[in-house]
Amino acid sequence: MIEQAWLIPLFPVISFLIILLFGKRMKEGGGYVAVAFVGLSMLVSLLTIRDVFSVGRYESEGISWLGSEAFRFGFLIDPLAAVMLFVVSFVGFLIVVYSLGYMHGDPGVQRYYAEISLFIASMLALIIANNLVFLFISWELVGLCSYLLIGFWYRKPSAASAAKKAFLVTRVGDIMLLAGILVLYAKFGTLNLSELFELAPSAAPATLTLASLLLFGGAVGKSAQFPLHVWLPDAMEGPTTVSALIHAATMVKAGVYLVARAYPLFTPESLFVVAWIGGITALMAATMAVVMTDLKRVIAYSTVSHLGFMTLALGVGGYAAGVFHLLNHSFFKALLFLSAGAVIHAVHSQDIRDMGGLWKRMPITGTAFFIGAWSLSGLPPWSGFWSKDDILAAVYGYSTPLFIIAAFAALLSAVYISRLFFIVFTGKESEAVKHAHEAPRVMTVPLMILSLGALFSGFVRFAGFEEFVLNTLPAELAEHFAAHEGGHGFVMSLSIALAALGIVLTGITYYKPVLSAEKIRTTFKPLHTLLIDRYYLDHIYLFFATKVVKDTSTVINAIDAYFIDGLVNGIGKATAKAGEVMRRIQTGITQDYASWLLLGASLLLIIARLTGGAA
Amino acid sequence: MLAYLIAIPFVGAFASYFAERYGIAKARSVAFATSLLTLLVSLAALNSFLSGKEMFPAQAWEWISDFGITFTLGADAMSLSLVLLTALLFVVAILASWNIEANTKRYYALLLFMEAGLMGVFLALDLFLFYVFWEIVLIPAFFLINGWGGAKRSYAAMKILIYTHLGSLFMFIGFILLYLKAGSFSFFAISDTLASLDAGFKSFVFLLLFIGFAFKIPLVPFHSWLPDAYTEAPTPVSVLLAGLLSKMGAYGLLRIGVTLLPETFQSYAYAIAVLAVVSVFYAAFAALAQRDIKRLVAFSSVSHMGFIVLGIASLNLIGINGAIFQMVSHGLIVALLFFLTGMLVEKARSREIPYLGGLITKAPFLGWVLVFASLASLGLPGLSGFVAELSILLGLFKSFSSLAYLAVLSLPLTAGYYLWMLQRAAFGATSELIESARSDVAWHEAVPVLVLVILITLLGLYPAPLMNMISTTSQAIVALIGGI
């Protein structure tokens, strides 16, 4: 099936077209069509992945997109693409099924399924693209769909604003990616990934560092890394299914995937930057996740933090560890989002202060959330533990300060996710919770399947996952990075201890209140404010957008209206005065315009003739 | 065959003028039929070009032989692309005129007269002929704005007339100087003579020509006629001004500026590129400040025309490819945008962005197509604008990498003003004004919109066929400079 991998993005494109054109007359706005086609796409993905085990790698001939060989678009399937295909098509499929319940009765449901189909299609195309321009096109289409989906309830001003913010902030990253493409094209004359990897070792390291850092800039925007992470928490304005799809399966993974995809182009210098940005992001987002009171927002910051972990892993050379965490995170994060969605659906609020004691009302959802939280917290033996442990081990050998940062972020992961669990599901039943019901089957079944993933995906580690993923890289590189991997006794014990400590600390604050959350808040008031205000980064950007950009625009507009146009009008008036004389011999400028034109032209010709220029 | 492209709309203009005696519907039908026929003939011309027929030049007649003036027509891939664009946009413009009922005297005749002029500009291979057509286009433009425009129409009409005529004057002096040296206005004769002339003279002539083209494109600071003209003109004329008349300048710059004076252009290339970057940013910032959606599109158009000049100034194959592609792409996109602003005025009776909130809820077709057109204009990949901008940037980076980095920075700005406009005009809660808006879509609105949407998408998804065709022209141009 690997030679037919182009079918993978094609199916959801067909679904998009069908729903766009005929969805209005269909049941659930064409939801079943979306399920069917995304399902087909998943099927082809699975068959393709099976072939990867035997073939290893396949690159298609491709078609010429722009006439020149540099823009020949084909697809490339290798182990990295296989992992990602699995994540996107499988998790994507479950989310679309879940949507049948979640989006039931929404008036815009047709648009929802059209957009979600295109979203999944673009993401799948991004994965299999073998050319950076092809990748960039899919990348931007992913961005477009997220813009449309975040702004899905566009009548809400906050949704329209969040959509714009997401698009613009990621666009800042996108232009860096575009600039990276310009550098690579100017240097190598090709944008085919395999050819670039072949040519890269012979190029000057400075060029490669520049190009790879620019590519990484794109990843920073898309994968919500510091300092461009600000769009992601606001992106919660869309339906929760969209949040799940953006956070767990598709959009934000694109950035990490890009780094992994273009890995042979990165130099030690650029990887150093990658590692530190990842580390800073992991810690910074985790600190904010601890204080937020919006259910989805906490999970959103958690996503940012874990994307930071993946970036960090790639930066320190833990290639397989980063990809491994990407896989595991998809399951537990999709699970957390979808169960949060079920909670929001039932409680009609996103504020965790309205919640409490939900466990009894929603046992399946509660269990699902519990499994997701356990996996994320990093306690053994579920998936999050294994990949987090691999990442910490890789960082340990790379740099001590980064290791401390990562370990602290890991501790906070356990804190914020158990805080969420204790507040929402345990304790006294709040007023809003009293009428909550368990979600319908179409929503709980995907939760159960994802729970299985969140529990067991970590065990692929023992089935040769690392070797499999490292096959993506050229042989010398793979060998080099393999050395970094592997269990480490000290790291593993520390990692378990930190997770346990985090949960205990939260437990004695929220479950059996020995410590008072209120008291902690007041003791660390300035810190709490700093975190609630998100380190003031949003304020700084807002200042830049309104003051710097908009004021420049106002000034330029004023210059244009008063100075340049004024000048023109002034000259016009002066000319008009001079023209008073002319007006007497003219019936009106316009009517005679053509004759003046011809007369003028003839005069010039006669002058020309007289001066003897013509032969 | 090429002469028919000029003759058909010319004859059609008269036919429509006389048909008006039997009612405006007749005049309109004649005009519509003429524009369709012209489109068919231009497709036939494309067909014979693709089958390998030599068309450069295709036809030549003696005209005013005393002054070495010939009636020479010819078409290469660039001319043909623009001829096709012209033929298509005139069909669109006539459909956009469907509801013009008041004061219709001469309206369709003027439109077709303008079409004949534009075809002439894109086909002429004689400088004098080129100049005549160039000026012919301006006359109907003036009358159309003055007769059917908005509140400030006579000011706007006078401004465009005087302003661009001033530009043409510079250009014409340049032509005369060339003629004096070559003794002929023919492209080929001039191009043969020029090789032996001294650089100082060529430099002077080039500057004259450049000013003429810069007025027309326009580049900042020669642009101030544009916002008024585009905004005050009736919708169909805005479509034509932005879609086609601006291309005359860019076409002239390539056809005459680069082709006749390659080395001279080369020595000015950096300065021109800097001016274009200034233009791109200046217009983008100005667009951000606009409240009137039509004015926003007008400034955005200046910004995008700057990209065309950037592509030309890069003087390499991919850059010039991008510039020509952008001429077509921008023509389609800006036509769609202006068409939509026309619909807006008709259905919602306002173009003021702050009053338009919630357009999508009330008029979904209009609202979503506005979203599409905005995305196309901000260069969303998968649509034609991206192909052009990418090629231009790749070309520019090869020639002047620092300017390319700068130009890339304009992209989020462009995205910014379009998305901000959409946030306020298309999305959000329904405003009072929009509550009373009409949501009906007539066939003569839906058809052109869908045709443009489909073309923009097709060219964006699979640009290779058009790009390969354009490439034949770019290769010829680049060969003159000895580059690749």
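Everything numeric here is computed off the predicted structure, so don't read it as measured data.

Rules behind the numbers
- Residues numbered from 1 in each chain as written.
- Chains lettered and ligands numbered in written order.
- Predicted model: local features only at pLDDT ≥ 70, side-chain atom pairs only at ≥ 80, totals over all residues.
- Heavy atoms only, no water.
- Helix = DSSP H or I, 4+ residues; strand = E, 2+ residues; numbered from the N terminus.
- Buried < 20%, exposed > 50% of the residue type's maximum accessible area, 1.4 Å probe, protein only.
- Contact = heavy atoms within 4.5 Å.
- Rg over C-alpha atoms; globule rule 2.2 N^0.38 Å.
- Lys, Arg positive; Asp, Glu negative; His and termini not counted.
- Charge placed at Lys NZ, Arg CZ, Asp CG, Glu CD.
- Phe/Tyr/Trp six-rings, centres within 6.5 Å; stacked < 30°, edge-to-face > 60°.
- Buried area = accessible area lost by both parts, 1.4 Å probe.
- Salt bridge = Lys/Arg side-chain N within 4 Å of Asp/Glu carboxyl O.
- Nonpolar A, V, L, I, M, F, W, Y, C, P; charged D, E, K, R; others polar.
- Pairing = 2+ DSSP bridges.
- pLDDT = per-residue confidence, 0-100.
- Axes fitted to C-alpha atoms, helices over the stretch in contact; angles between N-to-C directions.
- Parallel < 35°, antiparallel > 145°, perpendicular 65-115°, else oblique.
- Left-handed = near helix turned anticlockwise from the far one by under 90°.
- Expected span 1.5 Å × (residues − 1).
- Polar contact = N/O pair within 3.5 Å; in protein donor to acceptor, adjacent residues only side chain to side chain.

1. With respect to the overall build of chain A
Logical step 1: Helix and strand counts for chain A stand at 25 helices and 4 strands.
Logical step 2: Principal axes of the C-alpha set define a box for chain A whose edges measure 100 × 60 × 55 Å.
Logical step 3: The buried share among the 615 residues of chain A stands at 61%.
Logical step 4: When contacts within chain A are restricted to residue pairs at least 6 apart in sequence, those whose partners lie at least 24 apart make up 81%.

2. Let's talk about the overall build of chain B
Logical step 1: Regarding its fold elements, chain B presents 20 helices and 2 strands.
Logical step 2: Whereas a compact globule of 484 residues would reach a radius of gyration of roughly 23 Å, chain B reaches 21 Å, a difference of no more than 12%.
Logical step 3: Overall, chain B is about 70 × 55 × 45 Å in size when its C-alpha atoms are taken along their principal axes.
Logical step 4: Counting every position in chain B, which comprises 484 residues, the buried fraction comes to 69%.
Logical step 5: When contacts within chain B are restricted to residue pairs at least 6 apart in sequence, those whose partners lie at least 24 apart make up 82%.
Logical step 6: Where the 24 positive side-chain charges of chain B centre and where its 22 negative ones centre are 6 Å apart.

3. With respect to the packing of aromatic side chains
Residue and element names in this part refer to chain B.
Logical step 1: Scanning the model with the defined rule gives 71 aromatic pairs over all chains in all.
Logical step 2: Here the aromatic rings of W98 and W443 are separated by 5.3 Å at their centres, their planes lie at 75°, and the arrangement is edge-to-face. Pair noted here: W98 is in the loop between α3 (77–96) and α4 (107–123) and W443 is in helix α19 (residues 443–461), with a separation of 345 residues, a long-range link.
Logical step 3: Judged by its relative accessible area of 16%, W98 falls in the buried class.
Logical step 4: Exposure remark for W443: the relative accessible area of 47% places this residue in the partly exposed category.
Logical step 5: Between F130 and W134, the aromatic rings sit 5.5 Å apart at their centres with planes inclined by 35°, giving tilted as the arrangement. Of the two residues, F130 and W134 both sit in helix α5 (residues 127–148), 4 residues apart, roughly one turn of that helix.

4. Examining the interface of chain A and chain B
Logical step 1: Taken together, the contact between chain A and chain B spans 60 residues of the former and 73 residues of the latter.
Logical step 2: Roughly 5900 Å² of surface becomes buried between chain A and chain B when both sides are summed, with 76% attributable to carbon and sulfur atoms.
Logical step 3: Inspection of the region where chain A meets chain B yields 0 salt bridges.
Logical step 4: Elements with a minimum of two residues in the side of chain A that touches chain B: β2 (63–64), α4 (109–128), α5 (132–150), α6 (157–188), α8 (205–222), α24 (537–584) and α25 (593–610) of chain A.
Logical step 5: The element best represented in the side of chain A that touches chain B is α6 of chain A, accounting for 14 residues.
Logical step 6: A breakdown of the residues in the side of chain A that touches chain B according to their chemical character gives 39 nonpolar, 11 polar and 10 charged.

5. Overview of the pairing of strand β2 (residues 69–73) of chain B
Residue and element names in this part refer to chain B.
Logical step 1: Among the 5 residues that make up β2, 4 are buried, leaving the element largely enclosed by the rest of the structure.
Logical step 2: Taken together, the 5 bridges between strand β1 (residues 59–64) and β2 define a ladder with antiparallel strand orientation. Counterpart to Q59 in the pairing with β2 is L73.
Logical step 3: Linking β1 to β2, which pair antiparallel, is a turn of 4 residues; within it G68 sits at a positive phi near 65°.

6. Regarding unusual backbone geometry
Logical step 1: Here F226 of chain A and P227 of chain A are connected by a cis peptide whose omega angle stands at 5°.
Logical step 2: Looking at the element boundaries, P227 of chain A is found in the loop between α8 and α9 (231–234).
Logical step 3: Along the chain, V220 of chain B connects to P221 of chain B via a cis peptide bond; the corresponding omega equals 5°.
Logical step 4: Its place among the elements puts P221 of chain B in the loop between α8 (199–216) and α9 (225–232).
Logical step 5: Located in the positive-phi region is L315 of chain B, a residue other than glycine, with phi close to 55°.
Logical step 6: Within the element layout of this structure, L315 of chain B appears in the loop between α12 (293–314) and α13 (317–348).

7. Section: the environment of F365 of chain B
Residues and elements named next belong to chain B.
Logical step 1: With respect to the helices and strands, F365 occurs in helix α15 (residues 364–377).
Logical step 2: We classify F365 as partly exposed; its relative accessible area is 26%.
Logical step 3: On a C-alpha basis, the gap between F365 and A93 in space is 20 Å, while along the polypeptide they are 272 residues apart.
Logical step 4: For F365, the contacting residues outside a window of four places in its chain are M343, V441, A446, V449 and L450.

8. Side note on the side chain of E115 of chain A
Logical step 1: Note on placement: E115 of chain A falls in helix α4.
Logical step 2: R111 of chain A is the oppositely charged side chain nearest to the buried, salt-bridge-free E115 of chain A, at an N-O distance of 4.1 Å.
Logical step 3: Among all residues touching E115 of chain A, those that are not within four sequence positions of it are C145, L148, L149 and F152 of chain A together with W368 of chain B.

9. Observations concerning the confidence of the model for chain B
Predicted coordinates in regions of low pLDDT should not be interpreted in detail.
Logical step 1: Chain-level pLDDT for chain B is 89 on average; 98% of the residues reach the 70-or-more range.
Logical step 2: Per-element confidence in chain B ranges from a low mean pLDDT of 79 for helix α18 (residues 432–435) of chain B to a high of 94 for helix α16 (residues 384–399) of chain B.

10. Overview of the pattern of salt bridges
Logical step 1: The final tally for this structure, using the stated rule, is 21 salt bridges over all chains.
Logical step 2: Residue D234 of chain A pairs with K165 of chain A through a salt bridge whose shortest N-O separation is 2.9 Å. Highlighted residues: D234 of chain A in helix α9 and K165 of chain A in helix α6, separated in sequence by 69 residues.
Logical step 3: With a relative accessible area of 15%, D234 of chain A lands in the buried category.
Logical step 4: We classify K165 of chain A as partly exposed; its relative accessible area is 21%.
Logical step 5: Between E263 of chain B and K202 of chain B there is a salt bridge, with its nearest N and O atoms 4.0 Å apart. Of this pair, E263 of chain B sits in helix α11 (residues 262–288) while K202 of chain B sits in helix α8, placing them 61 residues apart in sequence.
Logical step 6: Among the residues examined, E263 of chain B registers a relative accessible area of 48% and is labelled partly exposed.

11. Focus: the packing of α12 of chain B against helix α17 (residues 401–425) of chain B
Residues and elements named next belong to chain B.
Logical step 1: Put simply, α12 and α17 touch, their axes get as near as 12 Å, and they point 160° apart. One finds that α12 runs roughly antiparallel with respect to α17. For the crossing formed where α12 meets α17, the hand is left-handed. Touching I293, L296, S300, S303, H304, F307 and L310 of α12 are A407, S410, L411, T414, Y417, Y418 and M421, all from α17.
Logical step 2: Of the residues contributing to the contact of α12 with α17, the split by class is 9 nonpolar, 5 polar and no charged.

12. Observations concerning α12 of chain B
Residue and element names in this part refer to chain B.
Logical step 1: Between its first and last C-alpha atoms α12 spans 32 Å; for 22 residues at 1.5 Å apiece the expected length is 32 Å, and the two agree.
Logical step 2: Near the N-terminus of α12, the side chain that reaches the backbone nitrogen of K294, with its oxygen 2.8 Å away, is that of D292.
Logical step 3: L315 lies just past α12 and shows a positive phi near 55°.

13. Remarks on the side chain of Q290 of chain B
Logical step 1: Positionally, Q290 of chain B belongs in the loop between α11 and α12.
Logical step 2: The exposure class of Q290 of chain B is buried, given its relative accessible area of 7%.
Logical step 3: Only 2.9 Å separates the side chain of Q290 of chain B from the backbone oxygen of A286 of chain B, close enough to count as a polar contact.
Logical step 4: Here R295 of chain B takes part through its side chain, which lies 3.4 Å from a polar atom of the side chain of Q290 of chain B.
Logical step 5: Here Q290 of chain B is in contact with N557 of chain A together with R295, L296, F299, I353 and R424 of chain B, once residues within four sequence places are set aside.

14. Considerations on the packing of α12 of chain B against α13 of chain B
Residues and elements named next belong to chain B.
Logical step 1: At a minimum axis distance of 8 Å, the contact between α12 and α13 shows a crossing angle of 175°. Relative to α13, α12 is oriented roughly antiparallel. Together, I293, K294, V297, A298, S301, H304, M305, F307, I308, G311, I312 and S314 of α12 and G319, I320, A323, Q326, M327, H330, V334, L337, F338, T341 and L344 of α13 make up the contact between the two elements.
Logical step 2: Counted by class, the contact of α12 with α13 contains 14 nonpolar, 8 polar and 1 charged residues.

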